Amino acid sequence: MAPPRSIDGTLLKQGAEAHVYKSTFILPSVPCLIKVRPTKPYRHAILDTRLTKHRCVSEARLLNRCRSMGVLCPAVYFVDEKRGEIIMEWIEGPSVRDFLHDYVDVGCDFGNGGNNRGSNDEGIQLDPLMENIGKTIGKLHDIDIIHGDLTTSNLMLKNRENLAITSNSQEGSRLLTGIATSPSDFDVVLIDFGLGQVSNSDEDKAVDLYVLERAFLSTHPRATRLFNIILDSYKKNCLGSAVVLRRLQEVRLRGRKKSMVG
Ligand SMILES: Nc1ncnc2c1ncn2[C@@H]1O[C@H](COP(=O)(O)OP(=O)(O)O)[C@@H](O)[C@H]1O
Ligand SMILES: [Mg+2]
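None of these values were measured; they are calculated from a predicted model. (Residues numbered from 1 in each chain as written. Chains lettered and ligands numbered in written order. Predicted model: local features only at pLDDT ≥ 70, side-chain atom pairs only at ≥ 80, totals over all residues. Heavy atoms only, no water.)

### Quick look at the pattern of salt bridges
For the structure on display, the rule yields 16 salt bridges. Between K35 and D192 there is a salt bridge whose closest N-O contact spans 2.9 Å. With K35 in strand β3 (residues 31-36) and D192 in the loop between β10 (187-190) and β11 (197-198), this pair connects stretches of sequence that are 157 residues apart. Of the charged contacts in the structure, one is a salt bridge between E89 and R67, with a shortest N-O distance of 3.5 Å. On the criterion of sequence distance, the pair formed by E89 in strand β5 (residues 85-89) and R67 in helix α1 (residues 45-68) is long-range, its members being 22 residues apart. (Salt bridge = Lys/Arg side-chain N within 4 Å of Asp/Glu carboxyl O. Helix = DSSP H or I, 4+ residues; strand = E, 2+ residues; numbered from the N terminus.)

This is the structure in structure tokens:
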């Protein structure tokens with residue numbers, strides 16, 4: 001394993017598996033994200049090197065595969081497998097999690113009843129965003145990629161040039177200024193393929209959806225209606241959706257039984 005190097009950038013997150021930094025790539029005007037898998041001192045050194053390398057290469061490959069098949073995700077700029085580092089495109093824009101959170105803060109009714117049915121007073125439509133998410137996941141599954149950690153934090157909204165879904169993260173709170181009003185105004189970008197894999201198994205795809213469902217409903221308890229829009233859009237946009245959605249019913253039942261048992 002190469003000796004650790006000090007990274008010229010701002011540490012954004014220090015997770016168990018990875019540390020992520022915001023930095024620049026080659027030119028000061030090109031922001032990037034550096035994802036580093038630190039060595040684990042408690043693991044056997046050779047095993048640790050192999051695992052780090054494997055996970056780093058696997059994540060970079062999945063990102064490249066997605067991009068080449070038209071599923072939006074960060075472009076990979078550089079991989080240093082020995083150091084366990086990936087340098088990738090910086091995605092400017094809030095995560096879906098922050099976006100929805102801000103929505104709740106501004107008093108949006110998430111749509112179980114209520115008159116605004118997924119839009120708040122300013123006329124912001126959430127439905128198109130949900131459709132976009134369903135379509136993106138449908139595409140991902142059609143190319144046989146399982147994300148492995150589909151949470152609303154791992155779905156980001158990408159700024160289109162002339163438009164602003166911008167967030168200003170300060171002390172954990174994000175302010176949105178200038179908000180997209182139509183589905184064509186923003187792109188949903190998938191990030192964090194650290195637990196991803198290539199698989200054509202309906203079970204794996206159903207579990208992917210189930211993970212998103214749990215994450216979605218626990219972050220936004222009133223979002224049942226919105227999650228159903230994701231599933232509807234998945235159904236329309238994913239070739240193999242019928243079998244996967246049937247499988248999802250079984251996965252849900254298993255999940256429920258498990259939580260009853262303890
Ligand atoms: N390409 C990117 N552009 C901008 N922010 C990113 C990018 N990738 C990750 N992030 C930010 O860093 C956080 C952690 O990165 P992630 O790849 O999800 O690692 P982890 O496995 O620790 O969750 C994300 O939740 C997101 O806020
Ligand atoms: Mg993540």
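### Comments concerning the coordination of the magnesium ion (ligand 2)
Donor atoms from the polypeptide that bind the magnesium ion (ligand 2) are N154 (OD1) and D192 (OD), placed at 2.2 to 2.3 Å. Of this pair, N154 sits in the loop between β6 (145-146) and β7 (155-158) while D192 sits in the loop between β10 and β11, and the two are 38 residues apart along the sequence. Assessed through its relative accessible area of 7%, N154 is described here as buried. Residue class for D192 comes out partly exposed when judged on its relative accessible area of 24%. (Donors = N, O, S within 2.8 Å, 3.2 Å for Na, K, Ca; no water. Buried < 20%, exposed > 50% of the residue type's maximum accessible area, 1.4 Å probe, protein only.)

### Points about helix α5 (residues 224-237)
Since there are 3.6 residues in each turn of an α-helix, residues three or four apart along the chain are aligned in direction. Spanning 14 residues, α5 covers 20 Å between terminal C-alpha atoms, matching the ideal 20 Å at 1.5 Å per step. Within α5, burial applies to R225, L226, F227, I229, I230, L231, S233 and Y234. Its buried side turned inward, α5 meets α3 (127-142), α4 (202-219) and α6 (241-261). (Expected span 1.5 Å × (residues − 1). Contact = heavy atoms within 4.5 Å.)

### Quick word on α6
Spanning 21 residues, α6 covers 30 Å between terminal C-alpha atoms, matching the ideal 30 Å at 1.5 Å per step. The complete set of buried residues in α6 reads S241, V244, L245, L248, V251, R252 and G255. Buried residues of α6 fall within an arc of 110° about the axis and therefore sit on the same side. Of the residues in α6, the exposed ones pointing more than 90 degrees away from the buried face are R246, L253, K257, M260 and V261. (Arc of directions from axis to C-beta.)

### Brief notes about the site of ligand 1
Not every one of the 14 residues close to ligand 1 is listed here, only the nearest: K13, K35, E89, I91 and D192. Within the backbone of I91, a nitrogen or oxygen atom sits 2.8 Å from a nitrogen atom of ligand 1. The protein chains hide 84% of the 540 Å² of surface that ligand 1 would expose on its own. The set of elements that each furnish at least two residues to the shell around ligand 1 consists of β3 and β5. For the shell around ligand 1, the domains that each give at least three residues are domain 1 (10-89) and domain 2 (96-261). (Near = heavy atom within 4 Å. Polar contact = N/O pair within 3.5 Å; in protein donor to acceptor, adjacent residues only side chain to side chain. Areas by Shrake-Rupley, 256 points an atom, 1.4 Å probe, with all protein chains shown as cover. Domains from an automatic or database assignment.)

### Quick notes on the pairing of strand β2 (residues 19-24)
For strand β1 (residues 10-14) and β2, the ladder comprises four bridges, and the chain directions are antiparallel. Residue Q14 lies in a different strand from β2, and its bridge partner there is H19. Relative to β3, β2 runs antiparallel, the two sharing six bridges. Bridge pairing in β3 places S23 opposite C32. Linking β2 back to β3 in an antiparallel pair, the connection comprises six residues, with I26 at a positive phi of about 60°. (Pairing = 2+ DSSP bridges.)

### Considerations on the environment of F25
Turning to its location among the elements, F25 is positioned in the loop between β2 and β3. In this structure F25 comes out as partly exposed when scored by relative accessible area, which is 21%. A C-alpha to C-alpha distance of 8.0 Å links F25 and I87, two positions 62 residues apart in sequence. Residues contacting F25, with those up to four places away along its chain left out, are V30, C32, Y77, F78 and I87.

### Here we look at the side chain of T152
Of note, T152 is situated in the loop between β6 and β7. With relative accessibility at 2%, the residue T152 sits in the buried group. Excluding residues within four positions of it along the chain, T152 makes contact with S95, V96, R97, L212, F216 and T219.

### So, the side chain of E213
Structurally, E213 is set in helix α4. By relative accessible area, E213 is classed as buried at 10%. In this structure E213 touches F227 and R252, once residues within four positions along its chain are discounted.

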